[in-house]
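# Working through the structure, step by step
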Amino acid sequence: QVQLVESGGGLVRAGDSLRLSCAASGRTIGNVAMGWFRQAPGKEREFVAAISWWIGRSTNYADSVKGRFTISRDNATNMVFLQMNRLKPEDTDVYYCATSLYRDPRVTRADYDYWGQGTQVTVSS
């Protein structure tokens, strides 16, 4: 079992930055890829970013956030981060981190097993 707790969300203005954190406990996450997804009310949960199990190995981003968001991880502390720059109103969602069933950075929700409770990000125009 893995417990994931996201933090760092909040209300910001367009153009601002936020850094989301995801703390994992229960077992090490160092041997699996990690991902961030987001979901708006009434919509499907969509892929945002993923990082492979080894720091610096490979990452994957949704086209909508490429160049603005950066995913990173610290395996020593069992933490995953999402740096979000130049935020837009359309980035407003609940953001979830998740552990992957694989070591490479997958984009499909079904490739992830454990999920956090989410953190709300609201970007005003």
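Scroll up to find the structure this text is about.
First, a word on scope: everything that follows refers to the structure included in this document. Just so it is clear, the structure is predicted and the values come from calculations on it, not from any experiment.

### Here we look at the sheet that holds strand β8 (residues 79–84)
Sheets are built from strands that pair by backbone hydrogen bonding, the pairs being arranged parallel or antiparallel. As summarised here, the arrangement of the 4 strands in space is β1-β3-β8-β7, forming an open sheet in which the pairing is antiparallel. Strand pairing shows two members of the sheet lacking a second neighbour, β1 (3–7) and β7 (69–74), which therefore form its edges. Neighbour-to-neighbour, the strand axes of the sheet open up by a mean angle of 15 degrees, direction not taken into account. Summarising the sheet, β1 and strand β3 (residues 18–25) pair through 5 bridges and their orientation is antiparallel. The partner of E6 across the bridge, within β3, is C22.

### Here's the deal with the state of the cysteines
Tallying each qualifying case throughout the model produces 1 disulfide. Paired through a disulfide, C22 and C97 show a sulfur-sulfur distance of 1.9 Å. Measuring the twist about the S-S bond at about 50 degrees, one finds the C22-C97 disulfide to be right-handed. Of this pair, C22 sits in strand β3 while C97 sits in strand β9 (residues 93–100), placing them 75 residues apart in sequence. C97 carries the same exposure label as C22, and that label is buried.

Criteria and thresholds
- Residues numbered from 1 in each chain as written.
- Predicted model: local features only at pLDDT ≥ 70, side-chain atom pairs only at ≥ 80, totals over all residues.
- Heavy atoms only, no water.
- Pairing = 2+ DSSP bridges.
- Helix = DSSP H or I, 4+ residues; strand = E, 2+ residues; numbered from the N terminus.
- Axes fitted to C-alpha atoms, helices over the stretch in contact; angles between N-to-C directions.
- Disulfide = S-S within 2.5 Å.
- Buried < 20%, exposed > 50% of the residue type's maximum accessible area, 1.4 Å probe, protein only.

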